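One letter stands for each residue in the lines below.
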Amino acid sequence: MPPKSKLGQNFLRDDAAIARIGAALGNVSEQLVVEIGPGEGAITRTLIERAGHVMAIEVDHELAIALRAYLPSEKFTVIEQDVLQFDFAAAAAQAGHKLPVVGNLPYYITSPILLRLAENHASLDRAVLMVQREVADRVVAEPGSRDYGVLSVTVQMYGPVERLFTLPPGAFSPPPEVHSTVFRWRFAPRFAELGVSEKGFIQFAKQIFAQKRKTLANNLRAAGLEPAAVQTALAETEISPQARAESLGLSELARLHAYLERKQAATL
Ligand code: SAM
């Protein structure tokens, strides 16, 4: 059946890359692995060999049927569903452990999938994900780099990320227009350690990176804070009034947010 570009169907054809993705998950021989978007089963076959069980979430009805026919195994279940609706908590409860997740993601919904995984961090152990190279650059970016922004901060607050390797378009059929990068994400949220609430901090990150060219102070003012309150907050948290959000690491950003949350609570 012809690939459906609107579902991001670029199938991996590189055996060495498939082996590296499987190996990057580590030992899963006793575990349930969740695969996002199995497609024609390129990665799935390796996973079935390595894992205790593979649960693959595929939204395309024809592919779901074909996978059940071509990969008959007691160790393999296809869930025909949109991954954004998948119940990770129920799957983790059924498995009795936090889930390893793997996927060559459909690029048209990469950010929603990353946010969905972040929301479900309590049910997840680690993820090995293939995304468009430019997205991986933003996910793993460090403070001070051009790519550091709301995606880096959001993902990294849920745990450390490592870039693993990059593939050219020719590793896929049909070839996408972009390079693709595999990264690993270990779920270990930092909110409690850094003294901030999850929801409040993620909202704060969106505000301070709203206009990347503006200073942090200007973004905070644009978000509705009084200029005097912004000046005091930056002085009290020892952050330069000229700083841009992209120059600050997670702990500095969390220090500022925790200060603002305390101030707000004190005025209620
Ligand atoms: N894993 C396969 C591979 O590496 O060859 C296929 C990867 S392809 C880039 C993305 C896959 O995700 C496709 O099979 C596509 O049908 C599936 N997909 C697209 N949108 C989805 C969604 N919302 N939920 C689940 N799967 C989806």
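Residues numbered from 1 in each chain as written. Predicted model: local features only at pLDDT ≥ 70, side-chain atom pairs only at ≥ 80, totals over all residues. Heavy atoms only, no water.

A. Focus on the domain arrangement of the chain. Considered domain by domain, the chain is made up of domain 1 (5-189) and domain 2 (193-267). If you average the C-alpha positions of domain 1 and of domain 2, the two centres end up 32 Å apart. On the side of domain 2, 16 residues touch domain 1, which itself brings 13 residues to the contact. Across the interface of domain 1 and domain 2, roughly 1100 Å² is buried in total on both sides, 67% from carbon and sulfur atoms. Our count for the contact surface shared by domain 1 and domain 2 stands at zero salt bridges. Viewed at the interface, domain 2 and domain 1 are joined by five residue pairs in polar contact (both at pLDDT 80 or more). (Domains from an automatic or database assignment. Contact = heavy atoms within 4.5 Å. Buried area = accessible area lost by both parts, 1.4 Å probe. Salt bridge = Lys/Arg side-chain N within 4 Å of Asp/Glu carboxyl O. Polar contact = N/O pair within 3.5 Å; in protein donor to acceptor, adjacent residues only side chain to side chain.)

B. Seen up close, the site of the ligand. Around the ligand, 25 residues are found, and the nearest of them are Leu 12, Gly 37, Glu 58, Asn 104 and Tyr 108. A distance of 2.8 Å is found between an oxygen atom of the ligand and a backbone nitrogen or oxygen belonging to Leu 12. Here a nitrogen atom of the ligand and a side-chain polar atom of Asp 82 are 2.9 Å apart. Burial of the ligand by the protein amounts to 98% of the accessible area it has alone, namely 600 Å². Residue assignment for the shell around the ligand shows that the elements contributing at least two residues are β1 (11-12), α2 (42-50) and β3 (53-58). Looking at side-chain class alone, the shell around the ligand contains 14 nonpolar, seven polar and four charged residues. (Near = heavy atom within 4 Å. Areas by Shrake-Rupley, 256 points an atom, 1.4 Å probe, with all protein chains shown as cover. Helix = DSSP H or I, 4+ residues; strand = E, 2+ residues; numbered from the N terminus. Nonpolar A, V, L, I, M, F, W, Y, C, P; charged D, E, K, R; others polar.)

C. Region of interest: the nonpolar core. Judged by nonpolar contacts, the single largest core of 63 residues is most densely connected at Leu 117, Trp 185 and Phe 201. If you count residues domain by domain, this core takes at least three from each of domain 1 (5-189) and domain 2 (193-267). In this structure Leu 117 touches Ile 36, Phe 88, Val 101, Leu 124, Leu 129, Trp 185 and Phe 187, once residues within four positions along its chain are discounted. Judged by nonpolar contacts, the second largest core, of 27 residues, contains Ala 17, Val 54, Ala 56 and Ala 171. (Core = buried A, V, L, I, M, F, W, Y, C linked by side-chain atoms within 4.5 Å. Buried < 20%, exposed > 50% of the residue type's maximum accessible area, 1.4 Å probe, protein only.)

D. The environment of Val 54, seen in detail. Following the sequence through the fold, Val 54 ends up in strand β3. For the pair Val 54 and Thr 44, spaced ten residues apart in sequence, the C-alpha to C-alpha distance is 7.7 Å. Dropping the residues within four chain positions of it, Val 54 is found in contact with Leu 32, Val 33, Thr 44, Leu 47, Ile 48, Lys 75, Phe 76 and Thr 77.

E. Region of the structure containing helix α7 (residues 150-157). With seven of eight residues buried, α7 lies mostly within the body of the structure. Note on α7: the residue one or two positions beyond its end, Gly 159, has a positive phi of about 140°.

F. Structural detail: the packing of helix α9 (residues 198-208) against helix α12 (residues 250-267). Interhelical geometry of α9 versus α12 gives an angle of 110° and a closest axis separation of 11 Å. Judged on the interaxial angle alone, α12 and α9 are roughly perpendicular. Judged by residue contacts, Gly 200, Phe 201, Phe 204 and Ile 208 of α9 engage Leu 253, Ala 254, Leu 256, His 257, Leu 260 and Glu 261 from α12. Residues of the contact of α9 with α12, tallied by class, amount to seven nonpolar, two polar and one charged. (Axes fitted to C-alpha atoms, helices over the stretch in contact; angles between N-to-C directions. Parallel < 35°, antiparallel > 145°, perpendicular 65-115°, else oblique.)

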